[in-house]
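# Remarks on the overall topology
The residues making up each chain are set out below.
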Amino acid sequence: EEAFSSSVWREKSGDLQQGNTSVNPPPHLYGELVRTPEGCQIFAKSGHFNQLVATIKDGKANANQRRSALWAIGHIGSSDTGIRFLEKDKMVEFIVTLAETSPCMSIRGTCVYALGMITQNPRGQEILRQAGWEKTDKKINVCVPKDIRYCALFRVIGVKYRGSWAEEGKASQTSASHSVTKYPKEAPQSDIVGWVSNLSNNITVDAAMRNLKRVKVKHPEQFRVVPLVADLFKMLEALKFRLP
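The structure displayed is predicted, hence computed values, not measured ones. (Residues numbered from 1 in each chain as written. Predicted model: local features only at pLDDT ≥ 70, side-chain atom pairs only at ≥ 80, totals over all residues. Heavy atoms only, no water.)

## Section: the side chain of threonine 110
Inspection of the secondary structure puts threonine 110 in helix H9 (residues 105–118). Using a relative accessible area of 3% as the deciding quantity, one classes threonine 110 as buried. Apart from residues lying up to four places away in sequence, threonine 110 is in contact with Arg67, Leu70 and Trp71. (Helix = DSSP H or I, 4+ residues; strand = E, 2+ residues; numbered from the N terminus. Buried < 20%, exposed > 50% of the residue type's maximum accessible area, 1.4 Å probe, protein only. Contact = heavy atoms within 4.5 Å.)

## Focus: the confidence of the model for the protein
Predicted coordinates in areas of low pLDDT are best not read in detail. Mean pLDDT for the protein: 82, with 83% of residues reaching 70 or above. Scored below 50 in pLDDT, residues 1–18 shows 21 contacts in the model against residues more than four places distant or in partner chains. The low-confidence segment residues 169–176 (pLDDT under 50) makes 13 contacts with residues lying over four places distant or belonging to another chain. (pLDDT = per-residue confidence, 0-100.)

## Looking at the pattern of salt bridges
A complete count under the given rule lists three salt bridges for this structure. With its nearest N and O atoms 3.1 Å apart, the salt bridge here joins glutamate 126 to arginine 123. Separated by three residues within a single helix, glutamate 126 and arginine 123 lie in helix H10 (residues 122–130), roughly one turn from each other. Assessed through its relative accessible area of 33%, glutamate 126 is described here as partly exposed. Classification of arginine 123 as partly exposed rests on a relative accessible area of 30%. (Salt bridge = Lys/Arg side-chain N within 4 Å of Asp/Glu carboxyl O.)

## Quick word on the packing of helix H5 (residues 48–57) against helix H8 (residues 91–101)
Two packed helices can be described by the angle between their axes and the distance between those axes. As a packed pair, H5 and H8 sit with axes 11 Å apart at the nearest point and diverge in direction by 25°. As the angle between them shows, H5 and H8 are arranged roughly parallel. Like other packed secondary-structure pairs, H5 and H8 cross with a definite hand, here left-handed. Between H5 and H8, the residues in contact are Phe49, Val53, Ile56 and Lys57 and Met91, Phe94 and Leu98, respectively. (Axes fitted to C-alpha atoms, helices over the stretch in contact; angles between N-to-C directions. Parallel < 35°, antiparallel > 145°, perpendicular 65-115°, else oblique. Left-handed = near helix turned anticlockwise from the far one by under 90°.)

## Section: the packing of aromatic side chains
Enumeration over the complete set of coordinates arrives at five aromatic pairs. Seen in terms of ring centroids, phenylalanine 43 and phenylalanine 49 are 6.3 Å apart; in terms of plane orientation they differ by 75°. Their pairing is edge-to-face. Note on accessibility: phenylalanine 43 and phenylalanine 49 belong to one class, buried. Summarising the aromatic geometry, the rings of phenylalanine 49 and phenylalanine 85 are spaced 5.7 Å apart at their centres and angled 50° between planes, so their arrangement reads as tilted. Of this pair, phenylalanine 49 sits in helix H5 while phenylalanine 85 sits in helix H7 (residues 83–88), and the two are 36 residues apart along the sequence. As far as the burial class goes, phenylalanine 49 and phenylalanine 85 line up, both buried. (Phe/Tyr/Trp six-rings, centres within 6.5 Å; stacked < 30°, edge-to-face > 60°.)

## Topic: the environment of glycine 158
Tracing the sequence through the fold places glycine 158 in the loop between strand E2 (143–145) and helix H11 (165–168). Looking at glycine 158, the relative accessible area reads 71%, which means it is exposed. Through-space distance from the C-alpha of glycine 158 to that of proline 103 is 9.5 Å; in sequence the pair is 55 residues apart.

## Let's talk about the side chain of serine 190
Relative to the assigned elements, serine 190 resides in helix H12 (residues 188–198). Take serine 190: its relative accessible area is 17%, and that puts it in the buried class. Those residues in contact with serine 190 that lie beyond four places of it in its chain are Tyr183, Pro184 and Lys185.

Now the structure itself:
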């Protein structure tokens, strides 16, 4: 119950009164377990640490699985006793490399969070200093590169844009059943498909909603065309949308 209490997630009440709305991650089983010598023995015997390491290092593993493992490693490395597990496999150095080179931006971001948690103990800070990273503030567990000019954290590997399957009628990566009709660019159906696709993007959702409302007033008959409606339902199944 305590893990789900808002008081566990928030900073001290004094910080909140000053307008600090930062949120602490909830306690993690492994992170709490390795804080005691007995817990370290139990955790070492379980073999779970090796599984976490293998998941993080597996480039073919699902991104969410790797991120979950990174969060667990961050919790483990946040204590003076838990950092020893990371030292043995040089996981701090590996996470630094992953943060700078991973082609997946969400994994890079999770690496930064994990490194920030590792700075909660002196040994973790020392290892990170040797790797070219440092803690920004004594009160905030944020770790950043010492010199951004020589760090690849914000360097993005160039990729060729392959277009939008929703707009171009290509099948989705998950299932060919999600492919939609390719409408002429000048047709209102093409605009509708594009705007519905943009509803899944937090940056473009407001503009997309306004455009859809406008086209519904101007061309209400389009929303009664069965093939177009079928395409929109395919998109609703394949994409994630914010609830109104």
